[in-house]
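# Breakdown of the fold
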Amino acid sequence: MRPILLQGHERSITQIKYNREGDLIFSVAKDTVVNAWYSANGERLGTYNGHTGAVWCVDVDWDTKHVLTGSADNSCRLWDCQTGKQLALLKTSSAVRTCGFDFSGNIIMYSTDKQMGYQCFLHYFDLRDPSQIEDNEPYIKVPCNESKITSAVWGPLGEYVIAGHENGEINQFSAKSGEIIKTVKEHTKQINDIQTSIDLTMVITASKDNTAKLFDSYTLDHIKTFKTERPVNSAAVSPIMDHVVMGGGQEAMEVTTTSTRIGKFEARFFHAAFEEEFGRVKGHFGPINCVAFHPDGKSYSSGGEDGYVRIHYFDPQYFEFEIES
C-alpha cells in the first residue's frame, strides 16, 4: 500500500483527527499551524491561523461546522470550519493539553497543564450560552490535584469525559457536576493518548509503560492489553475489523542515538480479540505521535515526529485476512 504523504508542517505532529464522514483530516503540530486536508487525495483544503505556540490538540464537531484547537500559547480557540474564521478565543493560565466537542457539538471541554505554578484544570463550556465565552467563565471547572490530565475524550451521550493522567490513572468526570464517577489504574506510567471506538462503547489507551489497553467506556472494565517493547504514543480501534493500530517509538530526545531500524518507527497492527500482532507498516523517520482510523475502516493515518502525516489505504488482502487459531 502506497501512502499519501501530507507535507504541511515544519515540526512534529501532535494530533490528527478525521471528521465524522471521514472526508477531511485535521492535523496539528508544534509549529502553530492547524491544517485541514482532503483524505481522499491528500490535497490541502486550508489552514486555521492565529495560534502563537505549539498546538497540542484538535477536534471537530459531528457536522463539521466547528473546529476546536488547544495550544501552548495558553489559549483554546473555536474556528468556523468552512471559512477558517476564529469564532472564540478562550484564554487560559497554562497550556491547553486536550480538547473536545461532545456528541451534540454544543458543549466543549479542555484541560490545562500543571505548569508555572498553576493547577491542572478541566473546563466545560456550553457554546449555546455566549456569556460563558465572553466572560471566559466555564460552567464547571474541575481541579485535578494529584496528577495532570494528559489525554481526554468524551464518553457516550456526552455524560462524562474519560481522562487519562500522568500517573496512569483513568477517570470519568461528570459533565453535569464535575465530580469523578469512576477511577481505574491499570497503567503503571503516563497515558499518552485515549481514543474511542466508533460507537463510543470502548476506549483504547496508549501508555509510556509499553502497552495499549482496551476498556469499556461505561464501567471502565479492563478488556484487553496489547504489549510492545517501547512506549506507545497513540492507539486506535478499527471501526469495521477487530483490529487495533498502535504507533510509538522511543522518546524523541533519544532518537538520535539509535538507527532507524532499532528505533522501530513502525505502525503495528494487533488483533483486538487475540492480542496478537499480525502486521507492521514502516515509513516514518521518527516516533509516531498519533494514529487514527478513517471512519469507514478502509484507511488509516499516522503523524510522526518527522512532521509528516501519512495516509495509508489498505490493500484488498487486508480485509480478507484472518488469524489462524
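Above: the structure in question.
All of the points below concern the structure found in this document. In this text, all values refer to a predicted model and were calculated from it rather than measured experimentally.

## Considering the overall build of the protein
Counting its regular elements, the protein contains three helices and 28 strands. If you line up the protein on its principal axes, its C-alpha atoms span 55 × 40 × 40 Å. When each of the 325 residues of the protein is scored for burial, the buried share is 57%. Considering only contacts in the protein between residues 6 or more positions apart, those separated by 24 or more positions represent 42%. For the protein, the computed accessible surface area is about 14,100 Å², with 48% contributed by carbon and sulfur atoms. Computed over 31 positive and 43 negative side-chain charges, the inter-centroid distance for the protein is 5 Å.

## What about the packing of aromatic side chains?
Applying the stated criterion across every chain, the model contains 18 aromatic pairs. On the basis of an interplanar angle of 85° and a centroid distance of 5.3 Å, the ring pair of Phe269 and Tyr300 is categorised as edge-to-face. Placement of the pair is Phe269 in strand 24 (residues 267-271) and Tyr300 in strand 27 (residues 299-304), with a sequence separation of 31 residues. Each of the two residues, Phe269 as well as Tyr300, counts as buried.

## As for the pattern of salt bridges
Here the structure, examined in full by the defined rule, presents twelve salt bridges. A salt bridge links Glu277 to Arg280; its shortest N-O distance comes to 2.6 Å. The partly exposed category is assigned to Glu277, whose relative accessible area is 30%. Judged by relative accessible area, Arg280 falls into the partly exposed class, the value being 38%.

## A closer look at the environment of Glu169
Assignment of secondary structure puts Glu169 in the loop between strand 15 (160-165) and strand 16 (170-174). A residue is classified by how much of its surface remains accessible, and Glu169, at 18% relative accessible area, is buried. Residues Glu169 and Ile204 lie 35 residues apart in sequence; the distance between their C-alpha atoms is 13 Å. Beyond its immediate sequence surroundings of up to four residues, Glu169 is in contact with Ala163, Gly164, Thr183, Val184, Lys185 and Ile191.

## Quick word on the sheet that holds strand 12 (residues 120-126)
Overall, antiparallel pairing links the four strands, which are arranged 10-11-12-13 in an open sheet. The strands lining the two open edges of the sheet, one partner per strand, are strand 10 (96-101) and strand 13 (140-144). Averaged over neighbouring strand pairs, the angle between their axes works out to 15° when direction is ignored. Both strand 12 and strand 13 contribute to a ladder of five bridges, which runs antiparallel. Bridge assignment links Leu122 to a residue of strand 13, and that residue is Val142.

## What about the nonpolar core?
Among the nonpolar cores identified, the biggest contains 15 residues, and Met109, Leu122, Tyr124, Ile149, Trp154, Val161 and Phe173 are the most heavily contacted of them. Secondary structure elements with two or more residues in this core: strand 11 (107-112), strand 12, strand 13, strand 14 (149-154) and strand 15. Sequence-distant contacts of Tyr124, defined by excluding residues within four places in its chain, comprise Ile108, Met109, Gln132, Pro138, Tyr139, Ile140, Val142, Trp154, Val161, Phe173, Ser174 and Ala175. Ranked by size, the runner-up nonpolar core spans 13 residues in total, among them Cys57, Cys76, Ala88 and Val96.

## Structural notes on the sheet that holds strand 3 (residues 24-29)
With respect to topology, four strands assemble into an open sheet ordered 2-3-4-5, the strand pairing being antiparallel. Pairing within the sheet leaves two strands with one partner each, and these edge strands are strand 2 (13-18) and strand 5 (44-48). Across the sheet, the axes of successive neighbouring strands diverge by a mean angle of 20°, strand direction being ignored. Of the strand pairs in this sheet, strand 4 (residues 34-38) and strand 5 are connected by four bridges, and their pairing is antiparallel. The residue of strand 5 that forms the bridge with Ala36 is Gly46.

## Examining unusual backbone geometry
The general pattern is negative phi for most residues beyond glycine and trans for most peptide bonds. Residue Thr32 is not a glycine yet carries a positive backbone phi of 75°. Locating Thr32 in the fold gives a position in the loop between strand 3 and strand 4. Since its relative accessible area comes to 27%, Thr32 is described here as partly exposed. In the Ramachandran plot, Asn74 falls in the positive-phi region, its phi being about 65° despite a non-glycine side chain. In this structure, Asn74 sits in the loop between strand 7 (66-71) and strand 8 (75-80).

Reading guide: rules and limits
Residues numbered from 1 in each chain as written. Predicted model: local features only at pLDDT ≥ 70, side-chain atom pairs only at ≥ 80, totals over all residues. Heavy atoms only, no water. Helix = DSSP H or I, 4+ residues; strand = E, 2+ residues; numbered from the N terminus. Buried < 20%, exposed > 50% of the residue type's maximum accessible area, 1.4 Å probe, protein only. Contact = heavy atoms within 4.5 Å. Areas by Shrake-Rupley, 256 points an atom, 1.4 Å probe, with all protein chains shown as cover. Lys, Arg positive; Asp, Glu negative; His and termini not counted. Charge placed at Lys NZ, Arg CZ, Asp CG, Glu CD. Phe/Tyr/Trp six-rings, centres within 6.5 Å; stacked < 30°, edge-to-face > 60°. Salt bridge = Lys/Arg side-chain N within 4 Å of Asp/Glu carboxyl O. Pairing = 2+ DSSP bridges. Axes fitted to C-alpha atoms, helices over the stretch in contact; angles between N-to-C directions. Core = buried A, V, L, I, M, F, W, Y, C linked by side-chain atoms within 4.5 Å.

Nothing here speaks to function; it is geometry throughout.
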